[in-house]
Amino acid sequence: MTKITRINPPVLPMMEKKRVAAYARVSVDYDKNLESLYTQIRYYNSLIQKNFKWEFAGVYTDEGISGTSTAKREGFKSMISDALKGKIDLIVTKSVSRFARNTVDSLTTVRKLKEKRIEIYFEKENIWTLDSKGELLITIMSSLAQEESRSISENCTWGIRKRFEEGKVRMSYGSFLGYEKDDDGNIVINEREAKIVQYIYSRFLQGLTPGAIARELEANEIKNVRGQVKWYGSTIKSMLQNEKYTGNAILQKTYSTDFLSKKRKVNNGEIPKFYVENSHPSIITQEQYDLVQSEFKKRGNLKNKNISTSVFANKVICGDCGSVYTTKTWHSTSKYKRIIWQCNNKYKNKVKCSTPHFREEELKEISVDAINGLIKDKDSIIESCNFVINQVLKTEELKAKEEPLTIEVDKLSKELNQLVASNATTIQNQADYDEKYNNLYSTYSSALDGLKSLQSTIQDKTIRQSKIKQFLNGLKAQDEIITEFSSDVFLSLIDIIKVYLKDDIKVVFKNEYMV
């Protein structure tokens, strides 16, 4: 008979304390009437430390952050990280909704902790996650919390969109240069910052790139909206493309795709956009804004754009291939080193461009000669420009046609919508309906095309007027022949220098006059 003898005495398990942490969160947006974060911390400190079976492992907190996703909650992420590192055995929190309002986030975290035998206790619902009923209850409660979050989000979205429909403009004053809020909550101009905005628009129209303007502002120690002497080209570009500086506003440019991810998407017609005119004081004119957008478009069409800070960047164009001239360094490692301007595509095409290269001093000489020729004929050119503005580019008659055509397009659009609605609710002969619809749509489409064409012509003439007026301001300021190159004079008068051969160079001025 087999005999089994135990050779070591039984070891009684020691009573080990559980390391217990608490999680507290207060959302500033929605929980103003709930207990303060301080009160929660004090409560959990007392709760954990008075239980002799528990060892206090800390209270982790997040303040002013929505519970919809755990992604931005640093306190929460730190607690989970510590738990997975073996520093916490039990987490105590007020309720499922305090922990997460997103079912997926909640269950993922609970299961991750369960794998390590780490438990969560939800006081309000009396749920222990290592209990057999825990996960089912968690799923139900998280789903309810998620629906509550959806309802809150939809109510907020409805309120925001209602304000948009009513034309109520909101600004993030902390990151929007040029405006501030007065004591009554109205949008007013910050005069100091407005001068910076006007300077940025002016320098861009003179020919500087957003990056060059940023560097110029830093060199002059101009402070940004946050009071720092640091500027970025992307910030300048955003300001130059923001219609709010005209006193008008496009509302709902972006929208939130869903209440969980909070990701925003550019509104390409999925939901209504609203254009509010004269919603607040303007810092720049609509003409200036349109001129800037036109300049962006023109620069965008240039081949191989140059990011150099030189005044000649993107101003010298190859007559053969249309590419811009850029700087090249010759003999960079020798005493013969020199920097020249050359077509950027000169050797990149199958047929080499025949256009010559230039030293920067040569470009300056070409510019000075062209500008002096302009100054000599100043009176005649001013007279010609005024004639073009007042006769060739006048828009009064076109604008008089715009209003009735707009009314006609709106009328046809309403008739078209009524026809479609009628067909959806009333039984009709579909052949007759199709014929009516096609005829009406054809009339509407033709009227709309006519309106768009008219508006495009008005805008084009207005932009050309503005460019010529700016040119005139620069020309009128030059009373005498210039003896040396001036960047400001160059930028105010010359649009581009188009190079064909060494003795065939066309200087195009901003009034479209070419020499």
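Before any of the text, the structure's been laid out above.
Residues numbered from 1 in each chain as written. Predicted model: local features only at pLDDT ≥ 70, side-chain atom pairs only at ≥ 80, totals over all residues. Heavy atoms only, no water.

### Some remarks on the overall build of the chain
And then number 1: Counting secondary structure elements, the chain contains 14 helices and 16 strands.
And then number 2: When each of the 515 residues of the chain is scored for burial, the buried share is 40%. (Helix = DSSP H or I, 4+ residues; strand = E, 2+ residues; numbered from the N terminus. Buried < 20%, exposed > 50% of the residue type's maximum accessible area, 1.4 Å probe, protein only.)

### A word on the pairing of strand β3 (residues 90-93)
And then number 1: A two-sided burial pattern is seen for β3, the buried positions comprising Leu 90 and Val 92 on one face and Ile 91 and Thr 93 on the other.
And then number 2: Bridge count for β3 against strand β4 (residues 119-122) is four bridges, and the pairing is parallel. When the sheet's bridge partners are listed, Leu 90 is paired in β4 with Glu 119. (Pairing = 2+ DSSP bridges.)

### With respect to the packing of aromatic side chains
And then number 1: Per the counting criterion, the structure on display carries 17 aromatic pairs.
And then number 2: Aromatic pair Tyr 23 and Phe 76: ring centres 5.4 Å apart, planes at 80°, arrangement edge-to-face. With Tyr 23 in strand β1 (residues 18-26) and Phe 76 in helix α2 (residues 74-84), the pair connects residues that are 53 residues apart, well separated along the chain.
And then number 3: You can call Phe 76 buried: its relative accessible area is 3%.
And then number 4: Members of the aromatic cluster, each reached through a chain of ring pairs, are Phe 176, Tyr 179, Tyr 201 and Tyr 245.
And then number 5: Between Lys 346 and the ring centre of Tyr 347, over which it is positioned, the NZ or CZ distance is 5.9 Å. (Phe/Tyr/Trp six-rings, centres within 6.5 Å; stacked < 30°, edge-to-face > 60°. Lys NZ or Arg CZ within 6 Å of the ring centre and 35° of its normal.)

### Some thoughts on the sheet that holds strand β15 (residues 494-501)
Picture the strands of a sheet paired through backbone hydrogen bonds; they go either parallel or antiparallel.
And then number 1: Read from one edge of the open sheet, three strands run β12-β15-β16, paired in mixed fashion. The open sheet has two edge strands, β12 (316-318) and β16 (504-509), and neither has a second partner. Neighbour-to-neighbour, the strand axes of the sheet open up by a mean angle of 25°, direction not taken into account.
And then number 2: In terms of strand pairing, β15 meets β16 through six bridges, oriented antiparallel. Directly across from Leu 501, in β16, lies its bridge partner Asp 504. (Axes fitted to C-alpha atoms, helices over the stretch in contact; angles between N-to-C directions.)

### Remarks on the nonpolar core
And then number 1: Ranked by internal contacts, the top residues of the largest apolar core, which has 66 residues, are Ile 200, Trp 231, Tyr 245, Phe 312, Phe 471, Ile 497 and Phe 509.
And then number 2: The residues contacting Ile 497, other than those within four sequence positions of it, are Phe 312, Lys 315, Val 316, Ile 317, Ser 367, Phe 490, Ile 505, Lys 506 and Val 507.
And then number 3: Counting residues in hydrophobic clusters, the runner-up holds 17 residues, among them Met 79, Ile 88, Val 110 and Leu 113. (Core = buried A, V, L, I, M, F, W, Y, C linked by side-chain atoms within 4.5 Å. Contact = heavy atoms within 4.5 Å.)

### Some details on the sheet that holds strand β5 (residues 127-128)
And then number 1: Pairing is mixed across the open sheet formed by five strands, whose spatial order is β2-β1-β3-β4-β5. Every other strand in the sheet has two partners, leaving β2 (54-63) and β5 as the edge strands with one partner each.

### Considering helix α6 (residues 191-206)
And then number 1: Across its 16 residues, α6 extends 23 Å between first and last C-alpha, which sits within 8% of the 22 Å expected from 1.5 Å per residue.
And then number 2: Among all positions of α6, only Glu 193, Ala 194, Ile 196, Val 197, Ile 200, Tyr 201, Arg 203, Phe 204, Leu 205 and Gln 206 are buried. (Expected span 1.5 Å × (residues − 1).)

### A look at the side chain of Ser 492
And then number 1: Looking at the secondary structure, you find Ser 492 in helix α14 (residues 487-493).
And then number 2: For Ser 492, the side chain forms a polar contact with the main-chain oxygen of Val 489, separated by 2.9 Å.
And then number 3: Discounting chain neighbours no more than four positions away, the residues touching Ser 492 are Gln 470, Phe 471, Gly 474 and Lys 510. (Polar contact = N/O pair within 3.5 Å; in protein donor to acceptor, adjacent residues only side chain to side chain.)

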